[in-house]
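Here's the letter readout for the chains.
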Amino acid sequence: DAGSDWTPGDAGRVRLRFYDTEQKYRQSFSAISEARTTEKVTALHLDPSQQVGGTVQWARSYGKLTVVAGGDVLDARGTDLEQRSEVSTSARQRGEGVYGEVLWQPASWSFALSSRFDHFGSFDAKQVGGTPPVLPNIDENVFDPRIGVVKRVTGRVSLTASAFRAFRGPTMNELYRQFQVGQQITLANAALKSERATGFEAGTLLNGERAGSVRLGYFWTQVNRPVASLTLSSTPTSTLFQRQNLGQLRSEGFSAEWELRPAGFLTVTGGYQYANSIVTKFQTDPTLVGKWTPQVPRNMASLQMRMERDRWGVLSVDLRTSGQQFDDSANRFRLAGYAQVDLYAERAIGNRFRVYGSAQNLLDQPVEAGRTPLLTLGAPRILSVGIRLR
């Protein structure tokens with residue numbers, strides 16, 4: 001990557017960025033017999049890809065008014081080569097966008113109005129080998145506005161609100177690449193369309209200076225055509241999915257974040273989120289209406305206590321917990337909730353060395369990470385120690 005920042009007198013600030021990324025990804029898939037006595041390789045994938053892009057941004061302030069304008073472009077190319085069947089699928093995507101923002105800060109108010117226009121396309125998709133399917137081009141234009149308001153009521157209380165529209169184009173992985181996790185196979189879908197989201201947020205920030213701060217908020221988001229993996233068939237030992245656009249889902253709830261400083265050496269931070277995310281429309285399969293969005297729990301919380309002094313070093317205790325969720329759109333595969341404790345400690349030895357140690361999942365709690373339909377567990381207790389040299 002490379003770039004430059006330029007301030008031409010009183011004409012504002014200009015920022016330029018250019019970047020290029022190339023990577024190769026290899027992945028193998030296997031099948032295990034019903035008796036779990038043999039395993040054989042079923043697919044070997046090699047996926048080279050390249051991304052080239054750039055951004056330009058200009059900003060200038062006029063008293064209490066700040067104006068920002070810019071644009072960006074991203075060109076991505078990728079290939080999925082299945083080496084055993086010698087079937088190769090390649091495609092190209094490009095996104096261009098321009099945007100503008102006006103920030104006005106009179107007295108105790110702050111107003112931010114922005115908008116963005118994007119063109120998104122996926123093209124030159126082709127398959128070599130096998131029976132070549134029809135791989136249509138995608139060409140979409142999207143306009144996304146956003147508005148935000150902050151009102152400082154007192155020196156310690158502020159009210160916030162925002163409303164927005166946004167979009168996400170389907171990735172080449174979702175459009176063209178089949179993959180497997182355990183006995184679960186997910187088919188690609190070249191006819192996917194972009195996701196569109198509309199929503200708003202409102203909340204308050206309470207700043208108690210030395211006592212800490214608390215942020216409370218309510219959110220509501222409606223997503224049209226969300227990309228999800230739908231069940232096509234299922235047996236006791238295997239499941240076949242395909243990526244499809246659901247009709248609509250809605251996510252609403254509230255969140256709370258806090259940071260307290262009961263002592264000079266002690267900081268306590270935490271957060272809680274309740275998110276009710278469900279499918280609200282899907283004409284192809286009305287039985288999914290009312291189901292939970294896959295892999296979205298209703299309840300999540302975290303708590304961290306960090307103690308730090310030059311004489312003692314650093315000690316951090318983290319607690320993370322999540323409620324139950326489902327691993328599929330039909331809500332047949334339930335993943336149980338969990339609570340996990342992590343520890344981290346660090347201490348300086350002289351001026352050049354620091355000794356540290358950590359324990360992840362200290363209580364060795366089973367974390368259900370997936371069902372394919374066989375249960376997959378997350379990482380068990382992990383202990384590590386090390387030395388840093390300055």
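Scroll up for the structure.
Residues numbered from 1 in each chain as written. Predicted model: local features only at pLDDT ≥ 70, side-chain atom pairs only at ≥ 80, totals over all residues. Heavy atoms only, no water.

So, the overall build of the chain
- Secondary structure summary: the chain contains 1 helix and 25 strands in total.
- The principal-axis extents of the C-alpha atoms in the chain amount to approximately 65 × 55 × 50 Å.
- Across the 390 residues that make up the chain, the buried fraction comes to 34%.
- Taking contacts inside the chain between residues at least 6 apart in sequence as the whole, the part at least 24 apart equals 56%.
- On the chain, roughly 22,800 Å² of surface is accessible, and the fraction owed to carbon and sulfur atoms is 56%.
- The chain carries 46 positive and 37 negative side-chain charges, and their two centres are separated by 6 Å. (Helix = DSSP H or I, 4+ residues; strand = E, 2+ residues; numbered from the N terminus. Buried < 20%, exposed > 50% of the residue type's maximum accessible area, 1.4 Å probe, protein only. Contact = heavy atoms within 4.5 Å. Areas by Shrake-Rupley, 256 points an atom, 1.4 Å probe, with all protein chains shown as cover. Lys, Arg positive; Asp, Glu negative; His and termini not counted. Charge placed at Lys NZ, Arg CZ, Asp CG, Glu CD.)

A word on the pattern of salt bridges
- Taken as a whole and assessed by the stated rule, the structure comprises 20 salt bridges.
- One salt bridge connects Arg250 with Glu252, and the closest N-O pair in it is separated by 3.4 Å.
- Overall, Glu252 belongs to the partly exposed group, its relative accessible area being 22%.
- Here Asp342 ties to Arg320 by a salt bridge, and the two come within 3.1 Å at their closest N and O atoms. (Salt bridge = Lys/Arg side-chain N within 4 Å of Asp/Glu carboxyl O.)

Observations regarding the packing of aromatic side chains
- Applying the stated criterion to the full structure yields 10 aromatic pairs.
- Arranged with centres 5.5 Å apart and planes meeting at 10°, the rings of Trp109 and Phe111 form a pair that is stacked.
- Residue classification places Trp109 among the partly exposed positions, given a relative accessible area of 36%.
- Look at Phe111 and you get partly exposed, because its relative accessible area is 29%.
- In this structure, Arg309 packs its charged tip against the face of Trp312, placed 4.8 Å from the ring centre.
- Against the face of Tyr356 rests Arg388, its NZ or CZ located 4.3 Å from the ring centre. (Phe/Tyr/Trp six-rings, centres within 6.5 Å; stacked < 30°, edge-to-face > 60°. Lys NZ or Arg CZ within 6 Å of the ring centre and 35° of its normal.)

Some details on the side chain of Ser277
- If you trace the backbone, Ser277 turns up in strand β16 (residues 266–281).
- With residues near it in sequence (within four places) discarded, Ser277 still touches Leu249, Arg250, Ser251, Lys291, Trp292, Thr293, Val296 and Arg298.

A look at the pairing of strand β17 (residues 299–309)
- Looking at chain direction, β16 and β17 are connected through 9 bridges and run antiparallel. Residue pairing across strands places Gln273 opposite Met300, the latter belonging to β17.
- Pairing of β17 with strand β18 (residues 313–322), which is carried by 10 bridges, proceeds in the antiparallel orientation. Bridged to Leu303 within β18 is Leu319.
- The turn linking β17 back onto β18 is made up of 3 residues. (Pairing = 2+ DSSP bridges.)

What to know about the nonpolar core
- Within the largest apolar cluster, 12 residues are counted, these being Ala76, Ala91, Phe120, Ala125, Leu135, Ile138, Met172, Leu175, Tyr176, Ala190, Leu192 and Val227.
- Those elements giving two or more residues to this core turn out to be β6 (109–128) and α1 (172–176).
- No other element matches α1, which puts 3 residues into this core.
- Counting residues in each nonpolar core, the second largest holds 7 residues, with Leu230, Leu246, Phe282 and Leu288 among its members. (Core = buried A, V, L, I, M, F, W, Y, C linked by side-chain atoms within 4.5 Å.)

Comments concerning the side chain of Asp118
- The residue Asp118 is located in strand β6 in this model.
- Among the polar contacts listed, one links the side chain of Asp118 to the side chain of Arg116, at a separation of 2.7 Å.
- If near-sequence neighbours (up to four positions away) are discounted, Asp118 is found in contact with Glu96, Gly97, Glu140, Asn141, Val142 and Phe167. (Polar contact = N/O pair within 3.5 Å; in protein donor to acceptor, adjacent residues only side chain to side chain.)

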